[in-house]
Amino acid sequence: MLIYEKMQTEKFSEAEQLLVNYMLEHPEHLNEMTVSEMAKATHTNATSLIRVAKKLGFDGWRDLRRQYLEEWETLSTHFNDIDVNIPFSAHDDPATVAKKLATVEMEAIQETRQMLNYEDLVTCQHLLQQKSNLLVFANFENRFIGHSLVEKTRRIGLNSALANNYGLGMYEAYLANPTETLAVMFSYTGEGDEILRPLHILKQRGIPVIAITSMGDNSLEQDSTVALRISTHERLFSKISTFSTNLSMKYLSDLLYSLYFMADYNHNWHTVLRSGERWDHRLASTSIIEGRGVDHVGPF
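Residues numbered from 1 in each chain as written. Predicted model: local features only at pLDDT ≥ 70, side-chain atom pairs only at ≥ 80, totals over all residues. Heavy atoms only, no water.

## A closer look at the environment of Leu64
- Mapped onto the elements of the fold, Leu64 is located in helix H5 (residues 61-77).
- With sequence-adjacent residues up to four places away left out, Leu64 is seen in contact with Ile3, Met23, Val52, Ala53, Leu56 and Phe58. (Helix = DSSP H or I, 4+ residues; strand = E, 2+ residues; numbered from the N terminus. Contact = heavy atoms within 4.5 Å.)

## Let's talk about the packing of aromatic side chains
- Taken as a whole, this structure holds three aromatic pairs when the rule is applied.
- Judged by centre distance (6.4 Å) and plane angle (50 degrees), the rings of Phe88 and Phe243 are tilted. Of this pair, Phe88 sits in the loop between H5 and helix H6 (94-114) while Phe243 sits in helix H12 (residues 243-263), and the two are 155 residues apart along the sequence.
- Among the residues examined, Phe88 registers a relative accessible area of 22% and is labelled partly exposed.
- Ring plane angle 85 degrees and centroid distance 5.3 Å describe the contact between Phe261 and Tyr265, whose orientation is recorded as edge-to-face.
- Taking the relative accessible area as the measure of exposure, Phe261 reaches 10% and is therefore buried.
- Cluster of aromatic residues (ring-pair linked, three or more members): Tyr257, Phe261 and Tyr265. (Phe/Tyr/Trp six-rings, centres within 6.5 Å; stacked < 30°, edge-to-face > 60°. Buried < 20%, exposed > 50% of the residue type's maximum accessible area, 1.4 Å probe, protein only.)

## Quick look at helix H4 (residues 46-55)
- Residues of H4 that are buried include every one of Ser48, Leu49, Val52 and Ala53, and no others. For H4, the angular spread of the buried residues around the axis is 140 degrees, confining them to a single face.
- Looking at the buried side of H4, the elements it contacts are helix H2 (14-25), helix H3 (35-42) and H5.
- At the N-terminal end of H4, a side-chain oxygen is found 3.1 Å from the backbone nitrogen of Thr47, two or three residues along, and the residue is Asn45. (Arc of directions from axis to C-beta. Polar contact = N/O pair within 3.5 Å; in protein donor to acceptor, adjacent residues only side chain to side chain.)

## What about the pattern of salt bridges?
- Following the criterion strictly, the structure yields 10 salt bridges and no others.
- With a shortest N-O distance of 3.5 Å, Glu70 and Arg66 are connected by a salt bridge. With Glu70 and Arg66 both in helix H5 and four residues apart, the pair spans about one turn of that helix.
- Each of the salt bridges in this network shares a partner with another, and the network as a whole consists of Glu16, Arg51 and Lys55. (Salt bridge = Lys/Arg side-chain N within 4 Å of Asp/Glu carboxyl O.)

## Notes on helix H13 (residues 265-279)
- Between its first and last C-alpha, H13 extends 21 Å over 15 residues, near the 21 Å set by a 1.5 Å rise per residue.
- Along H13, the positions that sit buried rather than exposed are Asn268, Val272, Leu273, Ser275 and Gly276.
- Those residues of H13 that are buried lie in contact with helix H8 (142-155) and H12. (Expected span 1.5 Å × (residues − 1).)

## Some words on the sheet that holds strand E3 (residues 181-186)
- Ordered by their spatial adjacency, five strands build an open sheet running E2-E1-E3-E4-E5, and the pairing between neighbours is parallel. Of all the strands in the sheet, just strand E2 (159-162) and strand E5 (226-229) have a single pairing partner and so form its edges. Along the sheet, successive strands turn relative to each other by an average axial angle of 15 degrees, direction set aside.
- Where E3 and strand E4 (residues 209-213) come together, four bridges link them in parallel fashion. Bridge pairing links Met185 to Ala211 in E4.
- Across the sheet, helix H10 (residues 193-204) is in contact with strand E1 (133-137), E3 and E4; its angle to E3 comes to roughly 160 degrees. (Pairing = 2+ DSSP bridges. Axes fitted to C-alpha atoms, helices over the stretch in contact; angles between N-to-C directions.)

## Overview of the packing of helix H7 (residues 118-130) against H12
- At a closest axis distance of 9 Å, the pairing of H7 and H12 adopts a crossing angle of 60 degrees. Crossing angle aside, the handedness with which H7 passes H12 is right-handed. Here H7 contributes Leu121, Cys124, Gln125, Leu128 and Gln129 to the contact with H12, which in turn contributes Leu255, Leu256, Leu259, Tyr260, Met262 and Ala263. (Left-handed = near helix turned anticlockwise from the far one by under 90°.)

## Looking at the pairing of E4
- Here E4 lies mainly inside the structure; five of its five residues are buried.
- Here E4 shows no split at all, with Val209, Ala211 and Thr213 on one side and Ile210 and Ile212 on the other all buried.
- In the classification by handedness, the crossover that spans E3, the intervening H10 and the parallel E4 is right-handed.
- The pairing of E4 with E5 spans four bridges and is parallel. (Right-handed = clockwise from strand over helix to strand, strands pointing away.)

Put into structure tokens, the structure is as follows:
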């Protein structure tokens, strides 16, 4: 759940509600405001502000202010001119639909990139380097993205597999080797038995988990080793399709593959190149697509 959603659902005293209302209505004024300045602006006291922070799950005002502003800036920066749930109308011509869809997808990737944390990326890369087995959990449309990650990493030597859905994932989580296995779990909501039941088994067995999930607190994020955030604007049901979430997840899936590739760049590049030359016999109509005879390592 996002912080601003918690503010709207949590029960507060009268004084606390004055503080919450001010935060919801004037987030742009909060930067660098101290406890005393905030209390003065709302005609309350510092004790009430500390209680608000505690009720929302934070240690104090500074922690609440920082994370709330990060959330507000992320959500207010993107998709200001288009509704990600209904990006085009019945009256739009094909060229307009193409333009609007491109805007949605570019915004989704840009927003996802801006939410990345360097330390989290380093942690993901270390986990990918340390483990020889990758077990990917994803349901519904996310399975196509999970399958893509499995195929890419298998091609350069990682023992990757897509866990079965509809409950069988629990067995695979239980049978996985804790010393050799890393799990990646895709879930927009970060809730639901199909994800949380295998997650709890993985946690009990000491298997690290990389979560790819929405902004805000959710059960998957709380129990994962590291969480990468996806664009979080789509409603669950009242939308045309999962345009932004799919692109956001696909971007992060490709990023994980790239981090693993970078860990042994030269070896992985030659593996891709030589195996392609040996077994990929598709015909191409242009030399650009053909690409055979390339023997240099990447850009150098």
